[in-house]
Amino acid sequence: MRFDVPTAEARGLVEEAGPLLDGPVAEVIQEHKRDSSGEPSLEPDGSLAGHVRRLKRRVHRLGAEAGLYAPHVSEALGGRGSSLRACMYLHEEVFLRGFGGQQWMLSWTDGPSPMVEVATERAVQEFVDPLMRAEITTAFAQTEPEAGSDATSMSTVAGRSGGDWTLTGHKHLITNAPFAEIVQVVARTDEGKFGVFLVPEDAPGFSRGPIQQTIMDDGQTASLTFEDCRIPLDMMLGEPQEKFGVPMRWINWTKARRAGMCVGLARYCLDKALEYAKEREAFGRPIGSFEQVALQISEAYRRTWATRAACDRLLEEIDVSDPWEKPDAGTRANFAAVKLMAEECLLEAADVSVQVFGGLGLLKSTGLEHVYRVARNLRIPGGTAEIQRREIARSLGLLKG
Ligand SMILES: Cc1cc2nc3c(=O)[nH]c(=O)nc-3n(C[C@H](O)[C@H](O)[C@H](O)COP(=O)(O)OP(=O)(O)OC[C@H]3O[C@@H](n4cnc5c(N)ncnc54)[C@H](O)[C@@H]3O)c2cc1C
């Protein structure tokens, strides 16, 4: 199967990324491996170890210096204004290398999303600029213990008092909550509108909860509490709106990013499975000569190829719509379809690769079980698989209300 990169814009990003990933980024990772060998990757409290966080920051910075950390951000804010379609191929290129550390070259939930395009002047200076340079990280705090899929029922409130906002509420399951220097908090104003408020870690009334260890065992998820937490009125991304407009920019960007990530990781898993199926022998033959093994691999490749082609087309359509300001029902369904297809494709590929490797597939050292756990995780954050199906059904005029 051919996995060509179809546009000049995408090829440009991929051709810049390859040498950076295999050169300076790989060197920094090798150096870290040498210097930290034997050190645990988690602190005693379950949080990601300091040495891994330092590596992550160094890789972020290499990406930022090369303009590849957040190329989706507009040129006015220091990005390249790259299309989602081109970003898909950049992400694929990065994730073809698995989870060795190269993935940190790209901004993720801890970096800039399309919400930064509506930052106030103050927020650009104090938040977006250092975020684009990867000097700080952020977190997106929307989910609450009583409000997940049904996010608009959230109870975190932001009231005006004098020249400040005062935030009160509790968020949980927030990625990078233990480390973010400035958190993007979704809250309801006293007028019943939804806004995204920027809360620096030293704001009075801000506190972090203990680690909520997930299936990924990565020490990066925790709760956050805001108790009469005061921030200046203009530390915001956009104006409060009756609709969930600004947070949806983050959520839809998260869905779009799944395309390149999942296809890249699926190919990483299947390439490994294919190689192993050709060399591993059982009953005096390579295991790939058994039809059950061969067909699992070929089916998963077929699905990966089809998912890649479909995501390319959907992202191309999204790029020519108005995806951030007022996405229509068709655009929202396209984002949902990208997320669903990409995650399902990766889950199958990761499962097949673990199966083909037999017992070795379940060893931590093989790396495939890690991808499998991430793949399983992906179907919940950023909107569950059920919520994506509901979005598609709604675009078809079903499930009204
Ligand atoms: C590792 C990880 C990282 C995360 N990172 C972040 C983050 O950075 N920021 C953040 O804000 N949140 C984050 N989350 C939270 C995540 O977005 C929520 O867990 C998710 O939106 C689901 O919400 P919930 O857990 O409350 O489940 P619920 O909303 O309670 O859903 C439970 C089940 O009911 C189903 N369901 C609910 N409503 C419907 C419906 N209308 N139709 C059909 N089925 C339905 C769901 O699909 C699900 O299967 C993270 C979660 C995890 C696990």
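These figures come from a predicted structure and were not determined experimentally. (Residues numbered from 1 in each chain as written. Predicted model: local features only at pLDDT ≥ 70, side-chain atom pairs only at ≥ 80, totals over all residues. Heavy atoms only, no water.)

## Describing the pattern of salt bridges
- In the structure shown here, the tally under the stated rule is 29 salt bridges.
- Between glutamate 92 and arginine 308 there is a salt bridge, with the nearest N and O atoms lying 2.8 Å from each other. One end of the pair, glutamate 92, is in helix H3 (residues 84–95); the other, arginine 308, is in helix H6 (residues 291–319), with 216 residues separating them in the sequence.
- Among the residues examined, glutamate 92 registers a relative accessible area of 4% and is labelled buried.
- You can call arginine 308 buried: its relative accessible area is 5%. (Salt bridge = Lys/Arg side-chain N within 4 Å of Asp/Glu carboxyl O. Helix = DSSP H or I, 4+ residues; strand = E, 2+ residues; numbered from the N terminus. Buried < 20%, exposed > 50% of the residue type's maximum accessible area, 1.4 Å probe, protein only.)

## Points about the packing of aromatic side chains
- Evaluation of the coordinates by the stated rule reveals nine aromatic pairs.
- Members of the aromatic cluster, each reached through a chain of ring pairs, are Phe95, Phe99 and Trp108.
- Positioned above the aromatic ring of tryptophan 108, the side-chain terminus of arginine 257 is 4.1 Å from the ring centre.
- Across the ring face of phenylalanine 3, the terminal group of arginine 267 is positioned such that the distance to the ring centre comes to 4.1 Å. (Phe/Tyr/Trp six-rings, centres within 6.5 Å; stacked < 30°, edge-to-face > 60°. Lys NZ or Arg CZ within 6 Å of the ring centre and 35° of its normal.)

## A short note on the domain arrangement of the chain
- Domain annotation of the chain identifies domain 1 (8–112), domain 2 (138–234) and domain 3 (245–395).
- Taken together, the contact between domain 1 and domain 2 spans 11 residues of the former and 12 residues of the latter.
- When the two sides are added together, the surface that domain 1 and domain 2 hide from each other amounts to roughly 840 Å², 49% of it contributed by carbon and sulfur.
- When the buried area of domain 1 at its contact with domain 2 is split by residue, Leu48, Thr109 and Asp110 rank highest and sum to 41% of it.
- The tally of links from domain 1 across to domain 2 stands at one salt bridge.
- The partner of glutamate 181 in a salt bridge is arginine 57, and the shortest N-O contact between them spans 3.1 Å.
- For the pair domain 1 and domain 2, the interface holds five residue pairs in polar contact (both at pLDDT 80 or more).
- Its residues placed into classes, the side of domain 1 that touches domain 2 shows two nonpolar, four polar and five charged. (Domains from an automatic or database assignment. Contact = heavy atoms within 4.5 Å. Buried area = accessible area lost by both parts, 1.4 Å probe. Polar contact = N/O pair within 3.5 Å; in protein donor to acceptor, adjacent residues only side chain to side chain. Nonpolar A, V, L, I, M, F, W, Y, C, P; charged D, E, K, R; others polar.)

## A short note on the pairing of strand S4 (residues 182–189)
- Of all eight residues making up S4, seven are buried, and the element is well covered by its neighbours.
- Where strand S1 (residues 138–141) lies against S4, four bridges are found, and the strand directions are parallel. For threonine 138, the partnering residue across the bridge sits in S4 and is isoleucine 182.
- Examined bridge by bridge, strand S2 (residues 157–161) and S4 share two bridges and lie parallel to one another. Counted as the bridge partner of alanine 158 is threonine 189 from S4.
- Following S4, the chain reverses through four residues before pairing antiparallel with strand S5 (residues 194–200); glycine 192 in that reversal takes a positive phi of roughly 85 degrees. (Pairing = 2+ DSSP bridges.)

## Points about the packing of helix H1 (residues 8–36) against helix H2 (residues 50–65)
- Between H1 and H2, the least distance of the axes is 11 Å, while the angle of their chain directions is 165 degrees. In terms of axis orientation, H1 runs roughly antiparallel to H2. Crossing geometry of H1 relative to H2 is assigned as right-handed. The residues of H2 that touch H1, namely those facing Leu20, Pro24, Val25, Val28, Ile29, Glu31, His32 and Ser36, are His51, Val52, Leu55, Arg58, Val59, Leu62 and Gly63.
- Grouping the constituent residues of the contact of H1 with H2 by class yields nine nonpolar, four polar and two charged. (Axes fitted to C-alpha atoms, helices over the stretch in contact; angles between N-to-C directions. Parallel < 35°, antiparallel > 145°, perpendicular 65-115°, else oblique. Left-handed = near helix turned anticlockwise from the far one by under 90°.)

## With respect to the site of the ligand
- Taken together, 18 residues surround the ligand, and among them Phe140, Thr143, Ser149, Thr384 and Glu386 come closest.
- Side-chain polar atom of threonine 143 to a nitrogen atom of the ligand: 2.7 Å apart, as the coordinates give it.
- The separation between an oxygen atom of the ligand and a polar side-chain atom of threonine 384 is 2.6 Å.
- Isolated, the ligand exposes 970 Å² of accessible area, and the fraction of that covered by the protein chains is 66%.
- Those elements giving two or more residues to the shell around the ligand turn out to be strand S3 (164–175) and helix H9 (385–395).
- The class makeup of the residues in the shell around the ligand is seven nonpolar, nine polar and two charged. (Near = heavy atom within 4 Å. Areas by Shrake-Rupley, 256 points an atom, 1.4 Å probe, with all protein chains shown as cover.)

## Comments concerning the pairing of S3
- In terms of strand pairing, S2 meets S3 through five bridges, oriented antiparallel. Across the sheet, arginine 160 pairs through a bridge with tryptophan 165, a residue of S3.
- Linking S2 to S3, which pair antiparallel, is a turn of two residues; within it glycine 162 sits at a positive phi near 60 degrees.
- Pairing geometry for S3 and strand S7 (residues 221–232), over nine bridges, is antiparallel. Bridged to lysine 171 within S7 is leucine 224.

## Re the nonpolar core
- Core analysis: the largest hydrophobic core is formed by 70 residues, its most contacted members being Leu84, Met105, Ile297, Leu315, Leu346 and Val356.
- Elements represented by at least two residues in this core include exactly H1, H2, H3, helix H5 (245–279), H6, helix H7 (329–356) and helix H8 (368–378).
- Per-element tally for this core: the top contributor is H5, with 13 residues.
- Shared between two domains, this core holds at least three residues of each, these being domain 1 (8–112) and domain 3 (245–395).
- If sequence neighbours within four positions are ignored, isoleucine 297 has contacts with Ala273, Leu274, Ala277, Val352 and Val356.
- If you look at the next biggest cluster of nonpolar residues, it comprises 52 residues, including Val128, Ala141, Val183 and Cys229. (Core = buried A, V, L, I, M, F, W, Y, C linked by side-chain atoms within 4.5 Å.)

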